[in-house]
Each structure stands twice: as C-alpha cells, then as structure tokens.
Amino acid sequence: MIPYGAVIAYSSILAQEKGLLSYLPYFYICLVIGMLVSKLSAQKMLDAGNHRILVYLSLVIPVVTMVSYIALSTGIHLLIAGFFFGVGYGILQPLFQSFVTGTTPAPKRGVANATYMLSYDIGIGIGSLLMGCLQESIGLPKGFALTAIAYVIGGVVYATYVDRYYREQKTRYLQSVSQSR
C-alpha cells in the first residue's frame, strides 16, 4: 500500500508539475476501470486456484507502472499508468485479503481481517509520508519509481513465506473437510 498511498496523495501535484492537470480526473477514472476489469477477470482465476500467477501479476504490473513514472510526460501515459495501476491493485487487494481470511480459523477471522485492514491503512500513510519526504530531494517521478521497492519486498516475502504457508493451510483445511465427511 506504500505506492498506493504515494499515488493517491501526490498524483495531483505530479500532474500539475508536468502540465497534465486536465488529465487528472480521467486518471482516476482509468484507475477505477483498471480495478473493475481486474476484479472481474481475476476472480475466475482465483476460483480455479491460480493464485500464484495472480500474485506475480499484481506485483509486476504496478512495478512497471511505477518505474514508468520516471519518463512520464504525456496525458496518455498518465491515463495508461492509472489503468495499469488499477489493474495491479484490483488483483492485489482482494487476493491478499482472501489469503488472510482463508488461512485463519473462523473464530479469529475478525481479528485477522482487522489486522490486515490496519496494515493496509498504515501502508497508505507511510506512502504519503514517504513521498512528502522524497518530493523535494529527488522529485515525484523518481519517488514514485522508488516506491516500487515495496512490491519487490512483498514479492520476496510471498515467495519465501506466504506461498508455502498458504499451501500448508489449504492442505490442512482440505484434510479436515474430508475427515469430517
């Protein structure tokens, strides 16, 4: 959520700096369209158990998008960035929330979901704060690109821990369901 916080808080300033302010309302529309498109298409893949490809897509797409801000100079680029940023987050947010609720015993799901949402909000706050600090020293385009490191770290955590944990929990759940029959 660090890059998301940065983009939501500082897109208007970036658009103003680049002379693209007239595109800004359409940036947010493209962002929402990207989220909608991804939610409609990703759900079928998630239901089919293809979560790994979704995780990597939801990390790679925003990394490329955030790095592309370094070369941002046109309104079309801003709109495309908004769309793909929305695609990435449209996959990422519900996917990881389903990991949290799907690997937590029923009596603890409320606490797990609340903890997830708290981390979501903290990430947005950190992203906004980080961009505020980076804005003056390196500029918004480079600052946006730098926030992509958060996705790389998330990908490493997923690959080294979360994927294995999720598969173990899913296997335990399926075994308990088959034993109860």
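In case you missed it, the structure is sitting above this.
Residues numbered from 1 in each chain as written. Predicted model: local features only at pLDDT ≥ 70, side-chain atom pairs only at ≥ 80, totals over all residues. Heavy atoms only, no water.

Some points on the side chain of Asp163
So the rule is basically this: Secondary structure elements are defined from DSSP: runs of H or I of at least 4 residues count as helices, runs of E of at least 2 residues count as strands, and each element is numbered from the N terminus. Relative accessibility under 20% of the residue-type maximum defines a buried residue, over 50% an exposed one, and the middle range a partly exposed one, all with a 1.4 Å probe and only protein chains included. Here a polar contact is recorded for every N or O atom pair within 3.5 Å, except that within protein the pair must consist of a potential hydrogen donor and a potential acceptor, and residues adjacent in sequence are included only if both atoms are side-chain atoms.
Within the element layout of this structure, Asp163 appears in helix 7 (residues 149–180). Note on Asp163: relative accessible area 7%, which makes it buried. Here the side chain of Asp163 touches Arg52 through a polar contact of 3.0 Å, side chain to side chain.

Quick notes on the pattern of salt bridges
Test applied: Salt-bridge detection follows one rule: a side-chain nitrogen of Lys or Arg within 4 Å of a carboxyl oxygen of Asp or Glu.
Considering all chains together, one arrives at two salt bridges under this definition. Across the pair Asp163 and Arg52 runs a salt bridge whose closest N-O atoms are separated by 3.0 Å. With a gap of 111 residues between them, Asp163 in helix 7 and Arg52 in helix 3 (residues 51–68) connect regions that are remote in the sequence. Residue Arg52 is classed as partly exposed on the basis of its relative accessible area, which comes to 37%. In this structure, Arg164 engages Glu168 in a salt bridge whose closest nitrogen and oxygen atoms are separated by 3.8 Å. Here the residue Arg164 and the residue Glu168 both occupy positions in helix 7, the gap between them amounting to four residues, near one helical turn.

Quick word on helix 5 (residues 109–137)
Threshold: A helix is expected to span 1.5 Å for every residue after the first. Residues are treated as being in contact if the distance between any of their heavy atoms lies within 4.5 Å.
Its 29 residues give helix 5 an end-to-end C-alpha distance of 42 Å, which sits within 8% of 42 Å, the value for a rise of 1.5 Å per residue. Every buried residue of helix 5 is accounted for by Ala112, Tyr116, Tyr120, Gly123, Gly127, Met131 and Leu134. Looking at the buried residues of helix 5, the elements they touch are helix 1 (2–17), helix 4 (75–102) and helix 6 (140–147). Looking one or two places after helix 5, you find Gly139, whose phi comes out positive at around 90 degrees.

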